[in-house]
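Residues per chain are reported as follows:
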Amino acid sequence: MKNLFTTREDNKRITKAATLTNVALVGLFIFLVFLFTVIKLEYSFDFSVISRYQKKFINGFTMTLAICSVSLFISLVIGIVNAIALKSNIIFFRFLARFYVELIRGTPFLVQILFFYFIITPAFGLKDKFIVGFLILSLFSGAYVTEIIRGGIESIPQSQIVTANSLGFSKWQIYRYIIFPQVFKRILPSLAGQISSLIKDSSLLSIIAVSEFTMKTLEVNALTFQTYETLSFLALGYLVITIPISLLSKWLERKYFYES
Amino acid sequence: MNLNINNVVKQYEIERALDDFTFSVLNVPSVVIVGPSGGGKSTLLRLFAGLEIATSGEICINGQEIVNDENWLKEYRKNVGVVFQSYNLFPHWTAMENITMPLIKVHGYSVEQAKEACLQLLKRFDLIEHIDKIPAKLSGGQQQRIAIARALAINSELLLFDEPTSALDPQLTSGVLEMIVELKKSGTDILMVTHEMAFAKKAADYVVFIDQGKAIEHGTAHEFFNHPKSKVLQEFLSHSTI
């Protein structure tokens, strides 16, 4: 009986029966919380709201995917350029890259969105919300990608660089043929994690009315007041993307852990 | 090979690795550098390899002076083969790629030319069975022999070795040392830093003993090992297994 609920310090394996029991328990726990909120709010469900407004949901979801895809690409470019700048012999580049990373990582994303939206956007005359959205997201994510790539570059032993130098490879060739191919393998798991963050963080763009998934869902909510259905559907929408990525990340981690 | 080193000083931030180092040899096929750890041996080899720049003084190899200029050194490095203590091979490349990539990317060979050169070398040194293996699948000795083949691929007349066997298990060193002896026989000049005294005695034509950044004593292998003059060298040799 005890084996159904606990594992032993020297044997962390979980039996099939224990798995089933505990999954059921977790389900029950969530259901009770759910039931409590429904009773307290005297909520009545109408799931037809999802199908009735499916166009809005689809548009929002597509927009989120589009913004995230573009941002992913741009933040990778920013990350590579910045990671190289951090190692540059030109001090200005080095300081600029460092400053950028510290600034982004040290301030809340929400503050960055507001700053960008109220100061940079009007100053540069940017009108398109889509462009504003992916620019902000790219700049934000780029700082984190920079740190991931920098860590990857630093994990390449110095002896390889010396060897490459002695063979006559140029600095650019060393990055291109020796450092980056190895770095990309090593950072793939963390990069996958970063993609997941990027997708989740994109929901904050709703604050400046970029018509992405969260924004569109809030619109439906404002029209119907079916909060429970719309917000649950919203969360589910994000999970549909992030869970596969999380699994992929874990798989990559194991794969390259055994290879190196 | 001819070596001419005049008053070379190599100053790092706190320590002085080479201190007014002066030494020259004429027409010697192989020179071996020995001495206690931290005495300046590897620094000297790195200066020869063009990987570092002397703080002052001049270095001439075969009549060519090493110029204190990064662009010049880049060109120079392309034509000097160096084999380090360990981790010579790039882990993401197969044995063949480790040999062909420098030929293709640095020396402008076509892919076919590079493959052909690689095949010849691997056949010559009996390494052909390892051609498609990545370094992780090779023993330390096999890795070093492939690294030597790579250093040879650029047809340099001079090969530099920085303790090529000191990171290997004893039973793996002989294969590497045999390969170096064979190279010497085939006419490649060799400059090597080593702890392998027995090997130095067998393969070196000329031996230099370095301690505290200076060339304490040097001479032909015969006089060096049989009639050491300075006290430090006598002491050093008495502690080494020959």
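These figures come from a predicted structure and were not determined experimentally.

A. Quick look at the overall build of chain A. Check the secondary structure of chain A and you find 10 helices and zero strands. Each helix (α) and strand (β) of chain A, taken in turn from the N terminus, gives the series α-α-α-α-α-α-α-α-α-α. A compact globule built from 260 residues would reach a C-alpha radius of gyration of about 18 Å, whereas chain A, at 23 Å, exceeds it by more than 25%. With respect to the principal axes defined by its C-alpha atoms, chain A has extents near 75 × 60 × 30 Å. A buried classification covers 38% of the 260 residues belonging to chain A. In chain A, 74% of the contacts between residues at least 6 apart in sequence involve partners at least 24 apart. When the 25 positive and 14 negative side-chain charges of chain A are each reduced to one mean point, those points stand 7 Å apart.

B. Quick peek at the overall build of chain B. The helix and strand inventory of chain B stands at nine helices and 10 strands. Against the globule reference of 18 Å for 242 residues, chain B gives a C-alpha radius of gyration of 18 Å, in line with a compact fold. Expressed along its principal axes, the backbone C-alpha trace of chain B runs to roughly 55 × 40 × 35 Å. Each of the 242 residues in chain B was classed as buried or not, and the buried ones make up 53%. Of the side-chain charges in chain B, 22 are positive and 29 negative, and the distance between the mean point of each set is 3 Å.

C. Local environment of the domain arrangement of chain A. Its domain assignment divides chain A into domain 1 (2-41) and domain 2 (53-259). If you average the C-alpha positions of domain 1 of chain A and of domain 2 of chain A, the two centres end up 35 Å apart.

D. Highlighting the pairing of strand β10 (residues 214-220) of chain B. Residue and element names in this part refer to chain B. Note: strand β9 (residues 206-211) against β10, six bridges, orientation antiparallel. Bridging from a neighbouring strand, D211 pairs with K214 of β10. The loop that links β9 with its antiparallel partner β10 comprises two residues; one of these, Q212, has a positive phi angle of about 50 degrees.

E. Molecular detail of the sheet that holds strand β2 (residues 16-25) of chain B. Residues and elements named next belong to chain B. Read from one edge to the other, the open sheet built from four strands follows the order β2-β1-β4-β5, with strand pairing classed as antiparallel. Across the chains shown, the open sheet's two edge strands, defined by having one partner strand only, are β2 and β5 (64-65). Summarising the sheet, strand β1 (residues 3-11) and strand β4 (residues 56-61) pair through five bridges and their orientation is antiparallel. Looking at the pairing, L3 lines up with I61 of β4.

F. Highlighting the interface of chain A and chain B. If you look at the interface, chain A gives 15 residues, while chain B gives 19 residues. Together chain A and chain B conceal approximately 1600 Å² of surface at their shared face, both sides included; 67% is due to carbon and sulfur atoms. It is S166, L167 and Y177 of chain A in chain A that bury the most area against chain B; as a group they hold 35% of the surface buried on that side. Between chain A and chain B we count zero salt bridges in total. At the junction of chain A with chain B, the criterion picks out five residue pairs in polar contact (both at pLDDT 80 or more). The set of elements that each furnish at least two residues to the side of chain A that touches chain B consists of α7 (158-166) and α8 (171-201) of chain A. Residue contributions to the side of chain A that touches chain B peak at seven residues, all from α7 of chain A. Tallied by class, residues from the side of chain A that touches chain B come to seven nonpolar, eight polar and no charged.

G. Molecular detail of the pairing of β9 of chain B. The element β9 of chain B is largely enclosed, with a buried count of six among its six residues. Of the two faces of β9 of chain B, both are covered, the one formed by Y206, V208 and I210 of chain B as well as the one formed by V207, F209 and D211 of chain B.

H. Geometry of unusual backbone geometry. Even without being glycine, E42 of chain A reaches a positive phi, approximately 50 degrees. Tracing the backbone through its elements, the reader meets E42 of chain A in the loop between α1 (16-41) and α2 (48-52). For D126 of chain B, which is not glycine, the phi dihedral falls at a positive 60 degrees. Within the secondary structure layout, D126 of chain B lies in the loop between α4 (111-124) and α5 (140-153). Overall, the relative accessible area of 58% leaves D126 of chain B in the exposed class.

I. Spotlight on the side chain of D211 of chain B. All names here are of chain B. Here D211 is to be found in strand β9. The side chain of D211 sits in the buried core without any salt bridge; K41 is the nearest counter-charge, 8.5 Å away. Setting aside anything within four residues of it in sequence, one finds D211 in contact with P36, G39, I216 and V232.

J. Geometry of the pattern of salt bridges. In this structure the tally under the stated criterion is 20 salt bridges over all chains. Of the charged contacts, one joins R150 of chain A and E147 of chain A as a salt bridge, the two residues approaching to 3.1 Å between their closest N and O atoms. Taken together, the residues R150 of chain A and E147 of chain A, both in helix α6 (residues 129-154) and three residues apart, mark about one turn of the helix. Note that E70 of chain B is salt-bridged to R77 of chain B, the shortest N-O span being 3.0 Å. What makes E70 of chain B partly exposed here is its relative accessible area of 41%. A network of salt bridges, in which partner residues are shared, links K87, R98, E102, R105, E147, R150 and E154 of chain A.

K. View of the packing of aromatic side chains. Residue and element names in this part refer to chain A. Counting across every chain of the model gives 25 aromatic pairs over all chains. Taking 6.1 Å as the distance between ring centres and 45 degrees as the angle between the ring planes, the aromatic pair formed by F180 and F184 counts as tilted. Residue F180 and its partner F184 are both found in helix α8; the two are separated by four residues, about one turn of the helix. On the accessibility criterion, F180 (11% relative accessible area) is buried.

L. Region of interest: the sheet that holds strand β6 (residues 81-83) of chain B. All names here are of chain B. With mixed pairing, six strands are arranged side by side in an open sheet as β6-β7-β8-β3-β9-β10. Both outer strands of the open sheet, β6 and β10, are each paired with one neighbouring strand and no more. Averaged over neighbouring strand pairs, the angle between their axes works out to 15 degrees when direction is ignored. Two elements, strand β3 (residues 30-34) and β9, share four bridges in a ladder whose sense is parallel. Of the residues in β9, the one forming a bridge with I33 is V208.

Rules and cut-offs
- Residues numbered from 1 in each chain as written.
- Chains lettered and ligands numbered in written order.
- Predicted model: local features only at pLDDT ≥ 70, side-chain atom pairs only at ≥ 80, totals over all residues.
- Heavy atoms only, no water.
- Helix = DSSP H or I, 4+ residues; strand = E, 2+ residues; numbered from the N terminus.
- Rg over C-alpha atoms; globule rule 2.2 N^0.38 Å.
- Buried < 20%, exposed > 50% of the residue type's maximum accessible area, 1.4 Å probe, protein only.
- Contact = heavy atoms within 4.5 Å.
- Lys, Arg positive; Asp, Glu negative; His and termini not counted.
- Charge placed at Lys NZ, Arg CZ, Asp CG, Glu CD.
- Domains from an automatic or database assignment.
- Pairing = 2+ DSSP bridges.
- Buried area = accessible area lost by both parts, 1.4 Å probe.
- Salt bridge = Lys/Arg side-chain N within 4 Å of Asp/Glu carboxyl O.
- Polar contact = N/O pair within 3.5 Å; in protein donor to acceptor, adjacent residues only side chain to side chain.
- Nonpolar A, V, L, I, M, F, W, Y, C, P; charged D, E, K, R; others polar.
- Phe/Tyr/Trp six-rings, centres within 6.5 Å; stacked < 30°, edge-to-face > 60°.
- Axes fitted to C-alpha atoms, helices over the stretch in contact; angles between N-to-C directions.

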